[in-house]
Amino acid sequence: MRPLLSPGKEDAVVADSQSTTRTRPATRQKRTEILKAAVDIFGTKGSANGTLADVAEQVGMTHAGILHHFGSKQNLLLEMLAYRDQADVQDLDEKHIPGGPELFLHLVRTAFVNAQRPGIVQAYTVLSAESITDDHPARAFFEERYTTLRREITEAFGELCAQEGVTDTGAVAAASAAILAVMDGLQLQWLLHPGVVELGETTAFAIRAIVTAVLNPGPELSSYARG
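Colleague: Any chance you could break down the overall build of the protein chain for me, citing the residues and the numbers?
Modeller: Each helix and strand counted, the protein chain has 11 helices and 0 strands in total. Relative to its full complement of 227 residues, the protein chain shows a buried share of 42%. Accessible surface, the protein chain as shown: approximately 11700 Å² in total, 55% of it carbon and sulfur.

What follows is the structure, encoded as structure tokens:
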């Protein structure tokens, strides 16, 4: 689960949902309480076993009250992911993921943190997979997320290559997409086989390998395929 690591659609989800309640601090506070409870409930039980009734009980509301604020369980899960991403960067400079080479370290740290919250990773994995279907309500959220993260990883590669004197940056676009694919793919494997796949360590290995391949490219694999 990317984790949501950057502003973009995530900010828009939270901003849009709160735009009508900017003059009502009590309502904003209640929504935040619900989101915190959702992180706790779904983080522990997962998106399938956790229920709106569980969330409602934790914040002293009714099931109908949760629906009043978020409309559906799916909407709550999406806003929970956006809230989680914002909470993850609250202690960082400018409340934003770092740029440059530090971004790669941040992604690795995020993987280690995600290993402690399987329910949230499960919700992210399920929603991201479902979002590929036409007209799915989560599609725009994940399209924007991937677009934003690919751009920011590409920019980080640009800074790193400049620092290292690497002028051949033709593989950066592929590397940026590959990092996200590896992170999400490893989360799926980890959810299926948590005792076999070490999420943090394996993610660190994969990102290091991709970064190394950009800085010190080896022979093209296509040459091996041709024989």
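Colleague: Requested: an account of the packing of aromatic side chains, with residues and values cited.
Modeller: The description of an aromatic ring pair uses the distance of the two centres, along with the angle that the planes make with each other. Evaluated as defined, the whole model comprises 3 aromatic pairs. On the basis of an interplanar angle of 70° and a centroid distance of 5.4 Å, the ring pair of Tyr124 and Phe142 is categorised as edge-to-face. In this pair, Tyr124 sits in helix 7 (residues 118–130) while Phe142 sits in helix 8 (residues 139–164), placing the two residues 18 residues apart along the sequence. On the basis of relative accessible area, Tyr124 is assigned to the buried category, the value being 1%. For Phe142, a relative accessible area of 2% gives the class buried. Ring geometry for Phe141 against Phe142: centres 5.0 Å apart, planes inclined by 80°, an arrangement best described as edge-to-face. Summarising the burial analysis for this pair, Phe141 and Phe142 share the class buried.

Colleague: Describe the packing of helix 2 (residues 25–49) against helix 4 (residues 63–70), with residues and values.
Modeller: Where helix 2 meets helix 4, the axes come as close as 11 Å, and the angle between the chain directions of the two elements is 110°. Taken together, the axis directions place helix 2 and helix 4 in an arrangement best described as roughly perpendicular. Of the two possible hands of crossing, helix 2 and helix 4 adopt the one that is left-handed. Contacts between helix 2 and helix 4 involve Thr27, Lys30, Arg31, Ile34 and Leu35 from the former and Ile66, His69 and Phe70 from the latter.

Colleague: So what about the nonpolar core? Which residues, and what values?
Modeller: Counting 25 residues, the largest nonpolar core has Phe42, Val55, Ile66, Leu76, Met80, Leu81 and Phe142 as the members making the most contacts within it. For this core, the secondary structure elements donating two or more residues are helix 2, helix 3 (52–59), helix 4, helix 5 (73–88), helix 7 and helix 8. Sequence-distant contacts of Met80, that is, excluding residues within four places in its chain, are made with Leu35, Ala38, Val39, Phe42, Ile120 and Ala123.

Colleague: Tell me what's going on with helix 3, and back it up with residues and numbers.
Modeller: Among all positions in helix 3, only Leu52, Asp54, Val55, Ala56 and Val59 are buried. Note on helix 3: the residue one or two positions beyond its end, Gly60, has a positive phi of about 70°.

About the criteria used
Residues numbered from 1 in each chain as written. Predicted model: local features only at pLDDT ≥ 70, side-chain atom pairs only at ≥ 80, totals over all residues. Heavy atoms only, no water. Helix = DSSP H or I, 4+ residues; strand = E, 2+ residues; numbered from the N terminus. Buried < 20%, exposed > 50% of the residue type's maximum accessible area, 1.4 Å probe, protein only. Areas by Shrake-Rupley, 256 points an atom, 1.4 Å probe, with all protein chains shown as cover. Phe/Tyr/Trp six-rings, centres within 6.5 Å; stacked < 30°, edge-to-face > 60°. Axes fitted to C-alpha atoms, helices over the stretch in contact; angles between N-to-C directions. Parallel < 35°, antiparallel > 145°, perpendicular 65-115°, else oblique. Left-handed = near helix turned anticlockwise from the far one by under 90°. Contact = heavy atoms within 4.5 Å. Core = buried A, V, L, I, M, F, W, Y, C linked by side-chain atoms within 4.5 Å.

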